[in-house]
Amino acid sequence: MGRYDLALIGFGGVNRALAELIAARGDRFAEELGFTLRVVAITDLRAGSLVDTAGIDLAPLLAAEPGELSFAGLPGGSADPRNKWVIREVPADIVVEATFTNPNDGEPALSHVRWALESGKHVCTTNKGPVALAGSELKRLAAEHGVSFEFEGSVLSGTPILRTAQRLLGGLEITGVQGIMNGTSNYILGRLEEGVELPTAVTQAQELGYAEADPTADIEGHDVQLKVMILANEVLGAGLRREDVSCTGISGITPQDAQDAISKGLRWKLVGSAARRPDGTVEARVAPVALPAHHALAGISGPVNAVAFHTDLLGTVTVSGPGAGRTETAYALLSDIIAIHQHHHADDDTAPLHRVLQETHRG
Ligand SMILES: NC(=O)C1=CN([C@@H]2O[C@H](COP(=O)(O)OP(=O)(O)OC[C@H]3O[C@@H](n4cnc5c(N)ncnc54)[C@H](O)[C@@H]3O)[C@@H](O)[C@H]2O)C=CC1
Ligand SMILES: N[C@@H](CC=O)C(=O)O
């Protein structure tokens with residue numbers, strides 16, 4: 001039975017939900033997944049840092065109101081997040097990065113990820129900044145240090161869009177991707193259709209845990225811009241920079257516009273897309289589109305998202321599921337930990353079978 005010691009960087013909605021999953025389902029993970037999880041460090045801008053290499057007791061932390069949590073005064077606690085020291089020095093197997101996404105330069109999350117990989121620690125993150133802006137560099141760094149860099153939750157929350165593309169669409173040529181990739185804006189568009197004004201809808205999306213810390217990124221399309229970059233870079237090998245993806249958000253759409261569209265059999269959706277041009281380069285954009293009711297993406301409502309892969313042999317393959325949500329995104333982190341376990345312990349699992357086959361062969 002393996003055990004992974006985790007350092008959680010950022011203790012907001014997503015990492016707190018991961019801690020809740022570990023506290024509630026740890027025994028089940030051990031039975032079903034073959035490993036146990038222990039949190040040995042937590043850092044947070046507001047709460048400070050907490051370290052216990054014997055395993056932090058999560059129950060009292062989870063019982064506290066998120067806004068009232070302070071690690072100062074606890075044994076192993078400090079008012080200072082001490083991210084660099086925790087990431088580099090505390091003995092952990094996996095650093096779980098879930099601080100704010102910064103769409104401009106990815107910092108400070110980008111440094112958090114670099115420090116962890118350089119220290120020989122695996123990284124799982126839901127943070128789109130480092131993946132979109134420096135994904136190739138970070139994958140190279142991970143390979144140099146013999147560790148994994150996993151980021152399933154950076155696109156479509158816990159819905160396994162990146163692993164579906166990597167593991168299940170092999171041998172197909174993917175010519176383009178198109179999708180609804182932001183839970184907040186899709187939820188807001190639905191509320192506008194019901195006549196709710198934008199500021200009220202934004203507040204509701206924040207309360208439900210869908211929105212970014214600065215919801216401008218959701219409304220103005222920057223969040224989808226990063227997701228289009230990640231998807232296009234992963235499945236089309238595009239190497240897109242932010243300025244390569246034109247971006248318009250939904251802030252110009254009023255409840256009246258949304259209702260007028262409905263009366264014409266249309267629905268406004270914030271669509272992100274990337275497609276290979278005949279010369280091999282990739283064209284990518286984010287823009288609101290009034291989709292006809294029969295379009296596959298028109299029926300995707302609330303925080304649910306969907307991505308359509310356009311392929312040569314299968315035509316269009318569409319994957320749909322939660323695009324935002326604290327627990328849904330924490331599941332993405334769990335799926336990353338499972339991927340790390342499978343990758344680094346594949347030899348352990350197959351060793352007995354190899355031995356049996358070799359022995360049978362020798363006769
Ligand atoms: N909530 C969701 O549905 C999804 C979120 N994400 C991404 O996951 C990440 C976390 O999301 P949430 O937990 O919802 O955000 P959140 O805003 O609830 O939590 C972020 C936490 O990080 C902490 N933090 C910020 N900067 C820090 C720093 N320099 N050092 C230590 N702590 C720091 C904040 O104090 C806060 O507690 C974000 O990057 C977000 O874009 C990705 C997919 C879905
Ligand atoms: N704010 C984002 C969270 C997930 O990436 C969204 O609403 O999709």
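Computed from a predicted model, the values in this text were never measured in an experiment. (Residues numbered from 1 in each chain as written. Chains lettered and ligands numbered in written order. Predicted model: local features only at pLDDT ≥ 70, side-chain atom pairs only at ≥ 80, totals over all residues. Heavy atoms only, no water.)

### Points about the packing of helix α6 (residues 161-168) against helix α10 (residues 222-235)
Condition: Here the axes come from fitting lines to C-alpha atoms, over the contacting stretch only for helices, and the angles between their N-to-C directions go from 0 to 180 degrees. A helix here means a DSSP run of H or I that spans at least four residues, while a strand means a run of E at least two residues long, and both kinds are numbered starting from the N terminus. For classification, angles of less than 35 degrees are called roughly parallel, those exceeding 145 degrees roughly antiparallel, those between 65 and 115 degrees roughly perpendicular, and all remaining angles oblique. Whether two residues touch is decided by their heavy atoms; if any such pair falls within 4.5 Å, the residues are in contact. When residue character is reported, Ala, Val, Leu, Ile, Met, Phe, Trp, Tyr, Cys and Pro are called nonpolar, Asp, Glu, Lys and Arg charged, and the others, Gly included, polar.
Axis separation between α6 and α10 bottoms out at 10 Å; the angle between their running directions is 10°. Considered as vectors, α6 and α10 are oriented roughly parallel to each other. Facing Leu162, Ala165 and Gln166 of α6, the residues of α10 in contact are Ile230, Leu231, Glu234 and Val235. Class assignment for the residues of the contact of α6 with α10 results in 5 nonpolar, 1 polar and 1 charged.

### Observations regarding the site of ligand 2
Formally: The rule for a residue being near a molecule or strand is that one of its heavy atoms must lie within 4 Å of it. Polar contacts, as used here, are pairs of N or O atoms within 3.5 Å; protein pairs need one atom able to donate a hydrogen and one able to accept it. Residues neighboring in sequence count only if both atoms are side-chain atoms. Surface accessibility in these figures is a Shrake-Rupley result with a 1.4 Å probe; residues are shielded only by whichever protein chains are displayed.
Inspection of the region around ligand 2 gives Lys128, Asn182, Gly183, Thr184, Tyr210, Ala211, Glu212, Asp218, Asp223, Lys227, Gly323 and Ala324 as its neighbouring residues. One of the backbone nitrogen or oxygen atoms of Gly183 is found 2.8 Å away from an oxygen atom of ligand 2. Take Tyr210: an N or O atom from its main chain is 2.7 Å from a nitrogen atom of ligand 2. The protein chains hide 92% of the 250 Å² of surface that ligand 2 would expose on its own. Looking at the shell around ligand 2, the elements with two or more residues in it are α7 (183-193) and α10.

### A closer look at the domain arrangement of the protein
The test is simple: Domain ranges listed in this record stem from an automatic or a database domain assignment. By buried area we mean how much accessible surface two parts lose on assembly, using a 1.4 Å probe and totalling the loss over both. What makes a salt bridge here is a side-chain nitrogen of Lys or Arg within 4 Å of a carboxyl oxygen of Asp or Glu, nothing more.
Assigned domains of the protein: these are domain 1 (2-157 + 325-362) and domain 2 (162-322). With centres defined by C-alpha atoms, the gap from domain 1 to domain 2 works out at 27 Å. Taken together, the contact between domain 1 and domain 2 spans 24 residues of the former and 27 residues of the latter. Across the interface of domain 1 and domain 2, roughly 2000 Å² is buried in total on both sides, 59% from carbon and sulfur atoms. Summed over the three residues of domain 1 that lose the most area to domain 2, namely Lys128, Val155 and Leu156, the buried surface amounts to 31% of that side. Across the contact surface, domain 1 and domain 2 share 6 salt bridges.

### Notes on the nonpolar core
Note that soluble globular proteins tend to have their nonpolar side chains buried in a common cluster. Cut-off, in case you're wondering: Throughout, nonpolar core names a set of buried Ala, Val, Leu, Ile, Met, Phe, Trp, Tyr and Cys residues whose side chains join them through atoms within 4.5 Å. Accessible area is worked out with a 1.4 Å probe on protein chains only. A residue is then buried under 20% of its type maximum, exposed over 50%, and partly exposed in between.
Grouped together as the largest cluster of nonpolar side chains are 68 residues, with contacts concentrated most on Leu117, Phe149, Leu231 and Phe309. Counting residues per element, this core draws most heavily on α10, which supplies 8 residues. Mapped onto the domain boundaries, this core takes at least three residues apiece from domain 1 (2-157 + 325-362) and domain 2 (162-322). The next biggest cluster of nonpolar side chains, apart from the first, holds 33 residues, and it includes Leu8, Phe35, Leu61 and Ile337.

### Considerations on the sheet that holds strand β5 (residues 94-97)
So the rule is basically this: When DSSP locates at least two bridges between a pair of strands, those strands are taken to pair.
Taking strand neighbours across the sheet as the criterion, the 7 strands line up as β4-β3-β2-β1-β5-β6-β7 in an open arrangement whose pairing is mixed. The outermost strands of the open sheet, each flanked by one partner alone, are β4 (77-78) and β7 (149-150). The pairing of strand β1 (residues 2-9) with strand β2 (residues 35-44) spans 8 bridges and is parallel. Paired with Asp5 across the two strands is Arg38, which belongs to β2. Its contacts with the sheet put helix α1 (residues 13-33) on β1, β2 and β5, and the angle it makes with β2 is roughly 165°.

### A word on the site of ligand 1
Residues in close proximity to ligand 1 total 24 residues, the closest being Asp44, Thr99, Thr126, Glu212 and Gly325. In this structure, an oxygen atom belonging to ligand 1 sits 2.9 Å away from a main-chain N or O atom of Gly13. The separation between a nitrogen atom of ligand 1 and a polar side-chain atom of Asn83 is 2.9 Å. Alone, ligand 1 offers 830 Å² of accessible surface; in the complex the protein occludes 91% of this.

### As for α7
The buried fraction of α7 amounts to 10 of the 11 residues, a majority that puts the element mostly inside the structure. What α7 keeps buried is the set Gly183, Thr184, Ser185, Asn186, Tyr187, Ile188, Leu189, Gly190, Leu192 and Glu193. Those residues of α7 that are buried lie in contact with β8 (174-180), α8 (198-207), α9 (216-219), α11 (255-263), β10 (266-276) and β12 (304-311). The backbone nitrogen of Thr184 lies 3.2 Å from a side-chain oxygen of the residue at the head of α7, namely Asn182.

### Some remarks on the sheet that holds strand β13 (residues 315-322)
One open sheet holds the 6 strands; their spatial order is β9-β11-β10-β8-β12-β13, and the pairing between them is mixed. Looking at the sheet topology across the chains shown, the edges are occupied by β9 (245-247) and β13. For this sheet, the mean inter-axis angle between neighbouring strands, taken without regard to orientation, is 20°. When β8 meets β12, the two strands line up antiparallel, connected through 6 bridges. Bridge assignment links Gly176 to a residue of β12, and that residue is His310. Along the sheet face, α7 touches β8, β10 and β12 and points at about 155° away from the line of β10. In this fold α10 packs onto β8, β9, β10, β11 (282-292) and β12, with an angle of close to 35° to the strand it touches most, β10.

### Quick look at the UniProt feature "active site" (unreviewed entry) in the protein
Selection criterion: UniProt positions are given in the numbering used here, feature names are shortened, and annotations may be inferred rather than shown by experiment.
As recorded in UniProt, the feature "active site" (unreviewed entry) lies at Lys227. Classification of Lys227 as buried rests on a relative accessible area of 4%. Contacts of Lys227, omitting those with residues within four sequence positions, involve Lys128, Ser154, Val155, Met181 and Asn182. A distance of 2.6 Å separates a polar atom in the side chain of Lys227 from a polar atom in the side chain of Asp223.

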